[in-house]
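Structural description and commentary
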Amino acid sequence: MHGLMQDWPLNCHRILDHAATYHGEREVVSRLVEGGIDRTTYRALRERALKVSQRLQGEGIRRGDRVATLAWNTARHLEVWYGILGIGAVCHTVNPRLFAEQLVYIVNHAEDRILFTDISFVPLVEKLKDSMPSLKKVIVLTDAAHLPEAEIELIAYEDWLAEADGDFAWESFDENCAAGMCYTSGTTGVPKGVVYSHRSNVLHALVANQPDMLGLSSRDRVMPVVPMFHANCWSICYGAPMAGAAMVMPGPKMDGASIYELLDSERVTVTAAVPTVWMMLLAYLEETGARLPHLQRVVIGGSACPRAMIETFQREYEVEVIHAWGMTETSPLGTLCTLKPEYAGLTGEERLNIQEKQGHPPFTVEMKIADDMDAPLPWDGKTFGRLKVRGPAVARAYFKGEGGALLDEEGFFDTGDVAHIDRYGYMQITDRSKDVIKSGGEWISSIELENVAVGHPAVAEAAVIGVADEKWGERPLLVVVAKAGAALTKEELLDFMAGKVAKWAVPDDVAFVDEIPHTATGKIQKTALRERFRDRSAANA
Ligand code: AMP
């Protein structure tokens, strides 16, 4: 016997219909790439998104065709995103920070037909266009007056859009149709395409909006600093309109001063980004003495959030930190660290001990930890193993079958992370499986050492890699960027770490560097560091 409820496919564009109908006046504020601030509403944004759909259909774009965006977070990008989805085409967000060869590879692999981009990326597109034969048109998200001169044919978005009369309706189709695509950052091997469906995106946003997750409401003003091209914008481009929350889009400027300016002038209540962004903001606040009176919650993920960062936000600025873990393959939110009743009463250091964890999963995300033989490990908060996940917004395959079968016998996806889980279901990442340092039969967590090191007041950023060691197999090397003007010695730093981590985990050596390399998604690029310190490794082996 079947239920007798209506067939109402979970199509992503219904979210924008809802926002325009019930939260029509709510603002979407953008820092324009051309300069200045733009203000629009969900109602107006939907009208323009419909015109995007109408024009795309006029260009011959059909269901399943891939349309790329290479753009900053702005209202224009958002209306293009929904306009692509609304006719069943697939919105492929491309990360402009990728190396040129990777960018060309993924546009060709996805066979993108049209590219929407910002004026900032015109020189890049101009250089690469000839190597991307599937691209028929390049539409620049600006008006004719700001359209740059170029060797390739460029179309001014506003002119292109003006050709639509807007007398158009979204299409309705099977909720399992593809909606979006995002390639993994490809720190190992070639980038692989993760393909989200309408259903997975809607479910993921519904789940992400729950009170124990991002907890968005129509009273919130949300600023996704996390780019729209990074893992589905952590659900915010769906979740905010679904909740009727106002959006503040930071455009191309992500330095401390620019982010602070919008947080303050736009009275942002919730924001989200990787730790690097918050490092810049906190440095700016410390320098200027500025405060954050409006901000209530900051979501920090993408890499481990240092304890010192959680403490500073909460103690100095009274902003609650929500540490989050996820991956492109998990849509991306997998766990968030909000406090269940078992932990809600904790204060001080004990509270920070929990907040350093990546948190607990919502309904729809199932987790397990397993050893190398795939045997399940206990949830005791210390035994760590491979973290695996399963759920309706977790990838089961990559585009065009790259990488082969992804799931184990029980349908779980191996995240490549190493983690432990405690008895209340709080997960803590101890490492990427390939970054774990295996020293004399013990596993040393590089993330734990990094977090302790950045707790030293003179340390700006820290990374730990394993270097070969004759006796132990591998030993941790601590690579450090000291704060400007700070005089910090190796001995002082290692003394500071002793007693905070197991004795055998304290690094033997510290390398001071001017800069730590990052990947296109803001993670520490350990492959580059290993390469840089290869000689040291070879000398020890
Ligand atoms: P990406 O698909 O580029 O978002 O990368 C996903 C990977 O980032 C995960 O598998 C983790 O290794 C790492 N990651 C994401 N969030 C966190 C976090 N809060 N703490 C530690 N690692 C994280």
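Residue numbers here run from 1 along each chain, matching the order of that chain's written sequence. Under the rules for a predicted model, residues below a pLDDT of 70 receive no local features and side-chain atom pairs below 80 are neither given nor counted, while totals for whole chains, interfaces and linings still include all residues. The side-chain values count all of the structure's non-hydrogen atoms but skip hydrogen atoms and water molecules.

Structural notes on the overall build of the chain
Looking only at helices and strands, the chain has 17 helices and 24 strands in total. Both definitions apply: the radius of gyration is a C-alpha atom measure, and the globule rule equals 2.2 Å times residues to the power 0.38. Scaling as 2.2 N^0.38, a compact globule of 541 residues should have a C-alpha radius of gyration of about 24 Å, and the chain matches this with 23 Å. Burial here depends on accessible area, computed with a 1.4 Å probe over protein chains only, as a share of the maximum for the residue type. Under 20% is buried, over 50% is exposed, and the range in between is partly exposed. Within the chain, the proportion of its 541 residues that are buried is 57%. In what follows, a contact means two residues having at least one pair of non-hydrogen atoms within 4.5 Å. Sequence-distant contacts in the chain: of pairs separated by 6 or more residues, those separated by 24 or more amount to 67%. For the chain, the accessible surface area stands at approximately 22500 Å², while carbon and sulfur atoms represent 50% of it. Looking at charge distribution, the chain has the averaged site of its 55 positive side-chain charges lying 2 Å from that of its 75 negative ones. Numbering goes from the N terminus for both helices and strands, where a helix is a DSSP run of H or I of at least four residues and a strand is a run of E of at least two. Working definition of accessibility: Shrake-Rupley area with a 1.4 Å probe, residue cover restricted to the visible protein chains. Think of it this way: Lys and Arg go in the positive column, Asp and Glu in the negative one, and His and the chain ends go nowhere. For charged residues, the charge sits on one atom: NZ in Lys, CZ in Arg, CG in Asp, CD in Glu.

Thoughts on the sheet that holds strand β9 (residues 193–197)
By the convention used here, strands pair only if DSSP detects at least 2 bridges between them. Taken in spatial order, the 7 strands line up as β7-β6-β5-β3-β4-β8-β9 in an open sheet, and their pairing is mixed. Either end of the sheet is taken by a strand with one partner, and the two such strands are β7 (155–156) and β9. The sheet contact formed by strand β3 (residues 66–70) and strand β4 (residues 90–93) spans 4 bridges and is parallel. In the sheet register, Thr69 faces β4, and the bridge partner there is Thr93. Interaxial angle, 0 to 180 degrees, is taken between N-to-C directions of lines fitted to C-alpha atoms, where a helix line uses only the stretch in contact. Against the sheet, helix α3 (residues 75–85) makes contact with β3, β4, β5 (114–117) and β8 (178–183), and its axis sits at roughly 145° relative to β4, the strand it touches most.

Brief notes about the pairing of strand β2 (residues 37–41)
The pairing of strand β1 (residues 27–31) with β2 spans 5 bridges and is classified as antiparallel. Across the sheet, the residue bridging to Glu27 is Thr41, located in β2. The hairpin formed by β1 and β2 contains 5 residues between the paired strands, and Gly35 there has a positive phi angle of roughly 110°.

Quick look at helix α9 (residues 256–265)
All buried positions along α9 are accounted for by Gly256, Ser258, Ile259, Tyr260, Leu262 and Leu263. On its buried face, α9 sits against β1, β2, β10 (221–224), β11 (246–249), β12 (270–273) and α10 (275–288). A positive phi of about 50° marks Arg267, the residue just after α9.

Observations regarding the site of the ligand
Put simply, a residue is near a molecule or strand once any heavy atom of it comes within 4 Å of that molecule or strand. Ala324, Thr328, Gln358, Asp417 and Arg432 are the nearest of the 16 residues found near the ligand. Polar contact criterion, stated in full: a pair of N or O atoms within 3.5 Å, where within protein one must be able to donate a hydrogen and the other to accept it, and residues adjacent in sequence count only if both atoms are side-chain atoms. Residue Lys523 places a side-chain N or O atom 3.2 Å away from an oxygen atom belonging to the ligand. Compared with its free state, where it exposes 500 Å², the ligand has 93% of that area covered by protein. The residue classification treats Ala, Val, Leu, Ile, Met, Phe, Trp, Tyr, Cys and Pro as nonpolar and Asp, Glu, Lys and Arg as charged. All others, Gly included, are polar. Of the residues contributing to the shell around the ligand, the split by class is 4 nonpolar, 9 polar and 3 charged.

A word on the pattern of salt bridges
Any carboxyl oxygen of Asp or Glu that lies within 4 Å of a side-chain nitrogen of Lys or Arg is treated as forming a salt bridge with it. The full count for this structure, using the stated rule, is 38 salt bridges. Arg530 is the partner of Asp435 in a salt bridge, and the nearest nitrogen-oxygen pair spans 2.4 Å. Residue Asp435 is located in the loop between β19 (427–432) and β20 (437–439), and its partner Arg530 is located in helix α16 (residues 526–532); the two are separated by 95 residues in the primary sequence. Connected through shared salt-bridge partners, Glu34, Arg48, Arg76, Glu79 and Glu158 make up one network.

What about the state of the cysteines?
Throughout, a disulfide means two cysteine sulfur atoms within 2.5 Å of one another. Evaluation of the coordinates by the stated rule reveals 0 disulfides. Among the cysteines around Cys305, which has no disulfide bond, Cys337 carries the closest sulfur, lying 10 Å off. Judged by its relative accessible area of 1%, Cys337 is buried.

Examining the packing of aromatic side chains
Only Phe, Tyr and Trp rings take part, Trp by its six-membered ring, and two of them pair if their centres are within 6.5 Å. Stacked means planes under 30 degrees apart, edge-to-face means over 60, and tilted covers everything else. In this structure the tally under the stated criterion is 10 aromatic pairs. Consider the rings of Trp278 and Phe313, whose centres lie 6.0 Å apart with planes at 80°: the pair is edge-to-face. Of this pair, Trp278 sits in helix α10 while Phe313 sits in helix α11 (residues 307–317), and the two are 35 residues apart along the sequence. Owing to a relative accessible area of 0%, Phe313 belongs among the buried residues under this scheme. Ring geometry for Tyr343 and Tyr424: centres 5.3 Å apart, planes at 85°, overall edge-to-face. With a gap of 81 residues between them, Tyr343 in helix α12 (residues 341–344) and Tyr424 in the loop between β18 (413–421) and β19 connect regions that are remote in the sequence. Its relative accessible area of 12% is what places Tyr343 among the buried residues. Ring-pair connections join several aromatic residues into one group, and the members of that group are Trp81, Tyr82 and Tyr238. Across from the ring centre of Trp8, 4.2 Å away, lies the NZ or CZ of Arg14, which sits over that ring. Distance and angle both matter: a charge sits over a ring if NZ of Lys or CZ of Arg is within 6 Å of the ring centre and within 35 degrees of the ring normal.

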